[in-house]
Each structure stands twice: as structure tokens, then as C-alpha cells.
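Examining the three-dimensional arrangement
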Amino acid sequence: MKHEKIPRNIINQISEPFHMNEEYLAWGTLISRLRIIAQQYKKSKAVMEIKSIVKNGCVHYSEQTISYEQLDKRSNKVANLIQMHRVPQGAVVSIAIQTKIDLCIAIWGVIKAGCVFYVTDLSCNRLPESELFPGGTSEYILSDSVQNHVADYQHCISYSDSDSCSEICNNMDIVNRILYIVRTSGSISQPKHICIYQHSVLNVVYWRIWFYKMGPWTQTLSLVGCQFDAFLADFFSTLLCGGGLTIIHKHDECNFACYARILSNRTLTNITATPSLYARTLKLVSLSLPHIQYLISGGEKLTKQLYRRMKEIFSQATIYNEYGPAECCMVTTCGIISDEDACNNIGRPIDNTEVYIDRHDDKSICGELYITGVGTNGRYLEDTLTRRAFLQHPNRPGQQIYKTGDIVEKKQGEIYFNRRLDDKVKILGYLVDKKEIEEALLERVDITDAKVAMEDMKNGSAILVAYVQCCDEWNETTIRAYLKERFPYYMIPSKIVCVSSLPLNEHGKKTVPRVKDNPSYNDIIRIVSQSWKTVLHQDDISPDQSFFEQGGNSLLFMDLFLLLNEAYCDIISVPELMEFYTIMDQTE
């Protein structure tokens, strides 16, 4: 496979000396390590899943837990089930399971069966073929049949059938193998899927356990989606050190009140989330939480305002920024955010990883980041993409260098993220191409112009905003409905503003208008304010004060939800509305 050539001067742009550490190889495989941990901590809690239940208008929370012994035995059952279906070793098994404890069991079961796992994104009502069969490689789906259409496929394996299987399994403990496939950046029409090898995962997991001083005392709250490799980093590192992993049930992933409640658990030590999730969760937290030791952020830009809020709530915690393209296995570099001026610090490379900065010339401060090491031995399912992004190392035969497309600079031995080389932005941990959304809008003859931008919110999170020039028959509701047919939820702009025209900047390029100059903003804030007054039976309402601080409760909140959905044609769900508790936030 012929690769593109590497820039000539890049090898002279080493940002950090290579730190070799091969102690992780002593673990052998993930299965052998889990077997040791399961034997040592049989009765210890491995995974706890939190789920909210509404009874008589009040929200209650239930906890489902599983011990290490149960995790080991039940994953053996799943492995036996897969082998009963004669799934060959090395085959890709897509996992489409809603209950996250069962998902954790299924992941280990697929590994024990000697297969490659792929966690599907269940955020879509109807999963596209590209989500079920990445790159056309997978023919097998392990499903709990919650999404009935999944069960229609010929090689669908029912997860519930594992109940009747034996707890004793001949594990396929293969050392040099592809462990999983994950969907990474790329367009919806041309998604990218990367294959990650087991030894790359072992390297990251071993480093994480050492770096964060993890052990049986570690209690990790992972708020990232299971389809992300950031979740897998939490999953493997927590369970392979004997700690406990807390996760949120699928239908509560947007229930930030649930997150806020869990944070009060005094046994928690570590939290992993994107800045957007931190921002929305901390809006509901007013007490100091000094028991948290490590806050791990990544996937998006961390703002100064959000950093200050995190330090205010988590007074004793150290904030870390983990950086790593999915192509390079979970984590490549890690930096400590010591003050608000270091929010874009992605730190230094982890063990067995080396990075280069291509500055083009000696006068340049910034340059493109290249990565090499144990984590860059993967490949895309699509060979042409592999040749374009993975370059052959000129001095180390057989070793690859990954071209990130990220522009960085080096300050006092630390690497700082600057911007993307292309026009993509990170939203909720996903790399989104704004141009793809704009092109989809412009396919409609009713829409004459469109511009999509990323906008920072007051709480420190970021959202997509679409400015659309269209005919009178189209409005925010119809445009949103059109986009929902084309894209997953994270690519749907949070705000859609209809404008008469898009202004030009001083260089003659399209730019975005000021939102508050647009009549639609004033209309929205008037409708939201009136809905609050109706529900709370008050005329004097503060736009910046929480709904519950002004006399609201869970029942009245449902009344507010019904009023707003009547006004805006069911474009918002209860979990979405629960993210925003003030008039100004709901308007935004």
C-alpha cells in the first residue's frame, strides 16, 4: 500500500523526546488482565448504571450494579453465544444494545469470542447501514431487540439468548489482533471507520492507570457516549485496575439533573466528559464538591469561563485535557490545565508516543501536528483514506505517522491547540463539517443562501447556529425537520435563524448577522417569557433566574414543556428542555 510522502523537514520538529515504556506488555492481553482482576475482586462493584424513573410526577433514580465475578461469567455466556452462531474469529460484531451494563458485558463477550467489536450509535431512530455495518465489514449484530428493525437482519444475534449459555468459556486470548472499530471524523455520506489494535489499547490503559494513580479505590463517572473511544478509555482503565465505573442509562443521556445528582456521591474520584457536558451539568450544581480528584476533559475547546466554574465547584480536583484523534487510539497527549490561560494546553505525549510539529519555516510559531508510536499502527477500513492520513516513517520501517489536520504551537515544552486546518468544528465530541450542513440546505430550491457557525454560550458550551435565507413558506420548524431527515442529532443546529440576506465582511466573504438584531430572537424571548408567566401565574419573572427558584416544580415544568412545544411544533424534548432552566438559556 503506497502512502503519501511526509514533509521533508518534519523529522527535525520533534516536540518531546520519545519515552519508551514496555511494562504494559507484561499484561499479555486484556482478557488475561480481566481474569486476574475478576479473581482478585470477585464481589467488588464493577459497573453501576443510573436510570431515572418518574412516579406520580416525581423523579426517582434506580441503580443497577454488576460485580467483577458477574461481569466475567456473563461475558463468558455472550462469548459462547457468539461461538454457537459460528461467527469466525476476527469477524466484526456490531453491538446495538440500549442498557449500558449489558453493553459492557457484550463488549467483553465479543473480545472473548476472538471477534472485533463495533458499538453502534443508537441516537438515531433508524440506524443507517453505515452505522450497522461499518465499511461493509460486519455481517453480525448483537442486539437486545429494543430497536425492532435491527432484529430484521439475517445475522442478528439476540443478546437475551445468552442467558441459557454456559458460564464456562474457552476464551480466544489472541495477542496481536484488531480489538475494535470506531467511527471517526468524516461526512455522513462518507463516514470514516478506524481499526484499533489490542496492543495500542493496552498501552493507553496502562499509562492511564499509572498517570491518574488508579486502583480499587477509583470510582469513575463517565459521561461520554459509549460510541466514543473516550468511553472505552474509561471502561478499560477503570475495570482493569479493580475500580468501579458509573454510567448513565441511554434515555437519561440528556438528563443533566441526573448527572448533578450523581456528582454528590462522595465515593466518586474521577469524571470524564466533554466541555459541553461539564457546562450543562454544572448549571444544576450549587454546592462545592471537594471529593472529586480528577476531572478529565477532551474532544472540544475548554473555555476560560467554564474552567473558572469547574474550579469553583471542584475545588480540590486537578483538571486534565486529554487529546487524541480516534485514529491514534484514545489518548495521544495529556496536559494539566493549571490556570485559565492554559485551557487549550494538550500537554505532552503519553508513553511510547512521539509527536512532530511541521512549522514549514523557522519564522512560523504554529504548525500541523503529526503523531507516531504504538497508537498509530491502525488503519481505516477504506485504503485510500489510510494512504492519505497515515504516512510511512522515513527512519523507522513499518512505523506510521498520522497527519492530524490540527494546528498547534509549543510553549515551554507543552503543546497548545490552536485551530483546525480545515473548516470542521467539535460539537458534543463529534467532528462536524459545517460545509456539509450548508450544502444540504442549499440543495433546496426554496433556500437561496446559508451559513453555519459555531457560537459560544454563556455557560461555556458551544452550539451550532444556522443562518438561512429562504422563502416565506420555510421557517425554523420546517428547516429543522428537513435537516433531521438528513443528519444525526449532533449535526442539527441548536438555533436556526431565518434572515433576509447574509452580510459580507470587509473581505467580501459571507459572515453571520448579530442574532439579537434579528426579529426572530425577540419573538422567541416574548413567547418563552409569556409561557413562564402562564405556568407560574406571575407577572414579575426574572429572565436570568432558574425556573425552580421562582416557584416552579417538576409538574409545572411539564406544563411549561407542553406550552413551548405547542408554540414550536414539538421541536424539543423533555431532556433537551431540562438542560436550560432560565428564560435566557431557553431562548438561546
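Presented here is an overview of the structure given in this document. This one's a predicted model, so the numbers in the text were calculated from it and none came from an experiment.

This brings us to the overall build of the chain. For the chain, the count of helices and strands is 16 helices and 26 strands. Expressed as a percentage of the 588 residues in the chain, the buried residues total 59%. Long-range pairs, those at least 24 residues apart, make up 67% of the contacts in the chain with a sequence separation of at least 6. When the accessible surface of the chain is split by element, carbon and sulfur atoms take 49% of a total near 25500 Å².

Here we take up helix α12 (residues 476–486). Residues of α12 that are buried include every one of Glu476, Ile479, Arg480, Tyr482 and Leu483, and no others. Projected onto a plane normal to the axis of α12, the buried residues spread over an arc of 160 degrees and lie on a single side.

Below, the discussion takes up the sheet that holds strand β25 (residues 462–470). With mixed pairing, 3 strands are arranged side by side in an open sheet as β24-β25-β26. The open sheet terminates on both sides in strands that have one partner only, identified here as β24 (447–456) and β26 (495–498). Between one strand axis and the next, the sheet turns through 20 degrees on average, direction left out of account. Where β25 lies against β26, 4 bridges are found, and the strand directions are parallel. Following the sheet pairing, Tyr467 is matched in β26 by Val497. Docked against the sheet, helix α11 (residues 434–442) engages β24 and β25, running at close to 155 degrees with respect to β24.

The subject of this paragraph is the pairing of strand β15 (residues 345–349). Here β15 lies mainly inside the structure; 4 of its 5 residues are buried. Here strand β14 (residues 333–336) pairs with β15 via 2 bridges, running antiparallel. From the neighbouring strand, Cys334 faces β15, where its bridge partner is Arg348. In the sheet, β15 pairs with strand β21 (residues 414–420) via 2 bridges, with the strands oriented antiparallel. The partner of Asn345 across the bridge, within β21, is Tyr416.

Within this structure, the stated rule accounts for 0 disulfides. Just so you know, Cys165 is unpaired, no disulfide at all, and the nearest cysteine sulfur is the one on Cys169, 9.6 Å from it.

Within a pair of aromatic rings, the relevant descriptors are the distance that separates the centres and the angle that separates the planes. Enumeration over the complete set of coordinates arrives at 17 aromatic pairs. For the ring pair Tyr212 and Tyr294, a centre distance of 5.6 Å and an interplane angle of 70 degrees mean the geometry is edge-to-face. In this pair, Tyr212 is assigned in the loop between α5 (198–211) and β9 (219–222) and Tyr294 in strand β12 (residues 294–297), connecting sequence segments 82 residues apart. Neither Tyr212 nor Tyr294 differs from the other in exposure class; each is buried. Both rings, one in Tyr212 and one in Tyr320, keep their centres 5.2 Å apart while their planes meet at 85 degrees; by these two values the pair is edge-to-face. One end of the pair, Tyr212, is in the loop between α5 and β9; the other, Tyr320, is in strand β13 (residues 318–323), and 108 residues separate them in sequence. Judged by its relative accessible area of 1%, Tyr212 falls in the buried class. In textbook terms, an aromatic cluster arises when at least three aromatic residues are bridged by ring pairs, as seen for Trp207, Trp210, Phe211, Tyr212, Tyr294 and Tyr320. Over the ring of Tyr416 we find Lys411; its NZ or CZ atom is 4.7 Å from the centre of that ring.

Attention now goes to the environment of Cys241. Here Cys241 is to be found in the loop between α6 (229–239) and β10 (244–248). Along the sequence, Cys241 and Thr218 sit 23 residues apart, while their C-alpha atoms lie 8.2 Å from each other. Residue contacts for Cys241: discarding those within four places in its chain leaves Ile37, Ile209, Met214, Gly215, Pro216 and Thr218.

Rules and cut-offs
Residues numbered from 1 in each chain as written. Predicted model: local features only at pLDDT ≥ 70, side-chain atom pairs only at ≥ 80, totals over all residues. Heavy atoms only, no water. Helix = DSSP H or I, 4+ residues; strand = E, 2+ residues; numbered from the N terminus. Buried < 20%, exposed > 50% of the residue type's maximum accessible area, 1.4 Å probe, protein only. Contact = heavy atoms within 4.5 Å. Areas by Shrake-Rupley, 256 points an atom, 1.4 Å probe, with all protein chains shown as cover. Arc of directions from axis to C-beta. Pairing = 2+ DSSP bridges. Axes fitted to C-alpha atoms, helices over the stretch in contact; angles between N-to-C directions. Disulfide = S-S within 2.5 Å. Phe/Tyr/Trp six-rings, centres within 6.5 Å; stacked < 30°, edge-to-face > 60°. Lys NZ or Arg CZ within 6 Å of the ring centre and 35° of its normal.

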